[in-house]
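Inside the fold
The chain contents come next:
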Amino acid sequence: MEDDGLARIPQESLGGDMTQRALFLDRDGVVNEEVGYLHRVEEVRFVDGIFSLCRTAAALGYRLIVVTNQAGIARGYYSEADFETLMDFMRGALRKEGVELDAVYHCPFHPEHGVGKYKREHEDRKPGTGMLRRGVREFGIELSESVLVGDRCSDVAAANAAGLRQAFLINGTEIAKCDGEYLRVGSLLEVERWLVERG
């Protein structure tokens, strides 16, 4: 397991109230390195710091929820079954590092490039807020106490539209400035420190 170098979380910070909050994570570029329409197990490379971030967030009482647009399904590059197989592998790898995801939400639709039934608008497709609101329905998540980590402007837009407490944008994918409110970070360690500092 990686050494995060952070001070241990004070016991009084753990389980202090019953508010359900979530750490929403985009997948590609946040949980795993971006390779372009990832669907093969052998191409999975986890982003530095993701294990430690998730362990810390869980200890602080955050639900861990992946929210991912999957245009590769829409385009016919791979199937929803392929996606589920890959996620089973990734969840197993995360579990070995002490990380248990509470949910994985994906949107397989694209309004322009989708094929067949997948060619349509859908509220789940970020910048839509559908996947974030699923967290409210299924876990009672308080969005105003939750945060999202993404690597695209659509992630920021979804977080802002849903009223999340904080959106983080990881450097690397978006060159230009995104509209909206967010913190640009160079690593997941910066997100982890932010969570610890704010309990």
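Just above, that's the structure.
The next thing to look at is the overall build of the protein. Scanning the protein from terminus to terminus reveals six helices and six strands. The helix and strand sequence of the protein, counted from the amino end, reads β-α-β-α-α-β-α-β-α-β-β-α. Its C-alpha atoms give the protein a radius of gyration of 16 Å, within 12% of the compact-globule value 16 Å for 199 residues. Each principal axis of the C-alpha distribution contributes one length, and for the protein these read about 50 × 35 × 35 Å. Here the protein, with 199 residues, has 46% of them falling under the buried criterion. Long-range pairs, those at least 24 residues apart, make up 64% of the contacts in the protein with a sequence separation of at least 6. Summed over all atoms, the accessible surface of the protein reaches about 9,700 Å², with 46% contributed by carbon and sulfur.

Attention shifts here to the pairing of strand S4 (residues 147-150). Of the two faces of S4, the one carrying Val147 and Val149 and the one carrying Leu148 and Gly150 are both buried. With four bridges connecting them, S4 and strand S5 (residues 166-170) associate as parallel partners. In the strand pairing of S5, Leu148 is matched with Ala167. Handedness of the β-α-β unit built from S4, helix H5 (residues 153-162) and S5 comes out right-handed.

Attention now moves to the environment of Leu164. Examined against the element boundaries, Leu164 turns out to sit in the loop between H5 and S5. Each C-alpha atom of the pair Leu164 and Ala22 lies 9.7 Å from the other, and the pair is 142 residues apart in sequence. In contact with Leu164, other than residues within four places in its own chain, are Phe24, Leu132, Leu143, Ser146, Val147, Leu148 and Ala159.

How each quantity is defined
Starting from 1, residues in each chain are numbered consecutively following that chain's sequence as written. In keeping with the predicted nature of the model, local features appear solely for residues at pLDDT of at least 70, side-chain atom pairs appear and are counted solely at 80 or more, and the whole-chain, interface and lining totals rest on all residues. Side-chain measures were taken over the full set of non-hydrogen atoms in the model, leaving aside hydrogen atoms and water. Going along the chain from the N terminus, every DSSP run of H or I of four or more residues is numbered as a helix, and every run of E of two or more is numbered as a strand. Radius of gyration here uses only the C-alpha atoms, and the compact-globule reference equals 2.2 Å multiplied by the residue count raised to the power 0.38. Partly exposed residues are those whose accessible area sits between 20% and 50% of the maximum for their type, while under 20% is buried and over 50% is exposed, using a 1.4 Å probe and protein chains only. By definition, residues are in contact when any of their heavy atoms lie within 4.5 Å. For accessible areas, the Shrake-Rupley method is used with a probe of radius 1.4 Å. Any residue's cover is judged against the shown protein chains and nothing else. The pairing criterion for strands is at least two bridges between them, as found by DSSP. If the strands point away from the viewer and the path from the first strand over the helix to the second runs clockwise, then the crossover is right-handed.

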